[in-house]
Amino acid sequence: LFLLASELHILDAVAEDMRLVYNVCSENRELNVVFKNPVIKKKKKVNIVNELFADKIDKTSLAFLFFVVRKNRSVNLKGISDAFVNMYRKSKNIILTEVLSASELDPQSIQIIRQMVGDLTQKQVELVSSVDNNMIGGFKMEFDNNLYDATIDAKLAKLRREFGANKYESKL
């Protein structure tokens, strides 16, 4: 699919289609149950895929989804679409950066993070931001298998370890 989309110059559109497929498969438990069920016929699964995606994605992407379903690999649609998006990012020199924060990030903070990660990696940054209400403060940032933990919880844990080592006790 990746090579075909590249040759047809529709790589960006197909990447968006695969993002949609990934999101639908991630959010819809019933769909995954149907795809895993060997009793449900391929024709029914093809019809389900057609109903879900026919008017939302490119015909090349839809034909690929039909092919995957007919080859009894519909259970792998989420993984296939994720792998495609990862290949797309790699080909376009894009790095996925995930930020988890205690509160919603303002646009200026998002721009600073994009700039810093972009300067560090020399890549274009795709930023995914989410909020964790259980976090006291700060943020966690993950990119390119690197994790930067600037949460208050992490700083408190570091202080506990340092004081637990009792470095400040006299050794006389």
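Presented here is a report on the structure given in the accompanying data block.

## A closer look at the side chain of threonine 60
If you trace the backbone, threonine 60 turns up in helix 5 (residues 59-70). For threonine 60, the residues in contact, after removing those within four places along its chain, are Leu1, Leu4, Leu8 and Ile10.

## So, the packing of helix 3 (residues 29-36) against helix 4 (residues 42-53)
Packed helices, taken two at a time, are described by the angle between their axes plus the distance between the axes. Taken N-terminus to C-terminus, the directions of helix 3 and helix 4 make an angle of 150 degrees; their axes are 10 Å apart at the nearest point. When the axis of helix 3 is compared with that of helix 4, the two are roughly antiparallel. In this structure, helix 3 crosses over helix 4, and the sense of that crossing is left-handed. Residue-level contacts link Leu31, Val34 and Phe35 of helix 3 to Lys45, Ile48, Val49 and Leu52 of helix 4. Its residues assigned to classes, the contact of helix 3 with helix 4 shows 6 nonpolar, no polar and 1 charged.

## Examining helix 7 (residues 107-121)
Taking 1.5 Å as the rise per residue, helix 7 with 15 residues should run 21 Å; its terminal C-alpha atoms sit 21 Å apart, in good agreement. Among all positions in helix 7, only Ile113, Val117, Gly118 and Thr121 are buried. Projected onto a plane normal to the axis of helix 7, the buried residues spread over an arc of 125 degrees and lie on a single side. In helix 7, the exposed positions that point more than 90 degrees away from the buried face belong to Gln108 and Met116. Buried-residue contacts for helix 7 involve strand 1 (94-101), strand 2 (124-131) and strand 3 (139-143). Glutamine 122 lies just past helix 7 and shows a positive phi near 60 degrees.

## Structural notes on the sheet that holds strand 2
Taken in spatial order, the 4 strands line up as 2-1-3-4 in an open sheet, and their pairing is mixed. Among the strands making up the open sheet, the edge pair consists of strand 2 and strand 4 (146-149). Neighbouring strand axes in the sheet, compared pairwise and without regard to direction, differ in orientation by 15 degrees on average. Pairing of strand 3 with strand 4, which is carried by 4 bridges, proceeds in the antiparallel orientation. For lysine 140, the partnering residue across the bridge sits in strand 4 and is aspartate 149.

## Things to note about the packing of aromatic side chains
On inspection of all chains with the given rule, the structure shows 2 aromatic pairs. Summarising the aromatic geometry, the rings of phenylalanine 139 and tyrosine 148 are spaced 5.9 Å apart at their centres and angled 45 degrees between planes, so their arrangement reads as tilted. On the accessibility criterion, phenylalanine 139 (23% relative accessible area) is partly exposed. Residue class for tyrosine 148 comes out partly exposed when judged on its relative accessible area of 45%.

## Quick look at helix 4
Along its 12 residues, helix 4 runs 16 Å from first to last C-alpha, staying within 8% of the 16 Å computed at 1.5 Å per residue. Burial in helix 4 covers these residues: Lys45, Val46, Val49 and Phe53. Each buried residue of helix 4 sits inside an arc of 100 degrees when the element is viewed along its axis, so together they form one side. Away from its buried face, by an angle of more than 90 degrees, helix 4 presents the exposed residues Lys43 and Glu51.

Definitions and cut-offs
- Residues numbered from 1 in each chain as written.
- Predicted model: local features only at pLDDT ≥ 70, side-chain atom pairs only at ≥ 80, totals over all residues.
- Heavy atoms only, no water.
- Helix = DSSP H or I, 4+ residues; strand = E, 2+ residues; numbered from the N terminus.
- Contact = heavy atoms within 4.5 Å.
- Axes fitted to C-alpha atoms, helices over the stretch in contact; angles between N-to-C directions.
- Parallel < 35°, antiparallel > 145°, perpendicular 65-115°, else oblique.
- Left-handed = near helix turned anticlockwise from the far one by under 90°.
- Nonpolar A, V, L, I, M, F, W, Y, C, P; charged D, E, K, R; others polar.
- Expected span 1.5 Å × (residues − 1).
- Buried < 20%, exposed > 50% of the residue type's maximum accessible area, 1.4 Å probe, protein only.
- Arc of directions from axis to C-beta.
- Pairing = 2+ DSSP bridges.
- Phe/Tyr/Trp six-rings, centres within 6.5 Å; stacked < 30°, edge-to-face > 60°.

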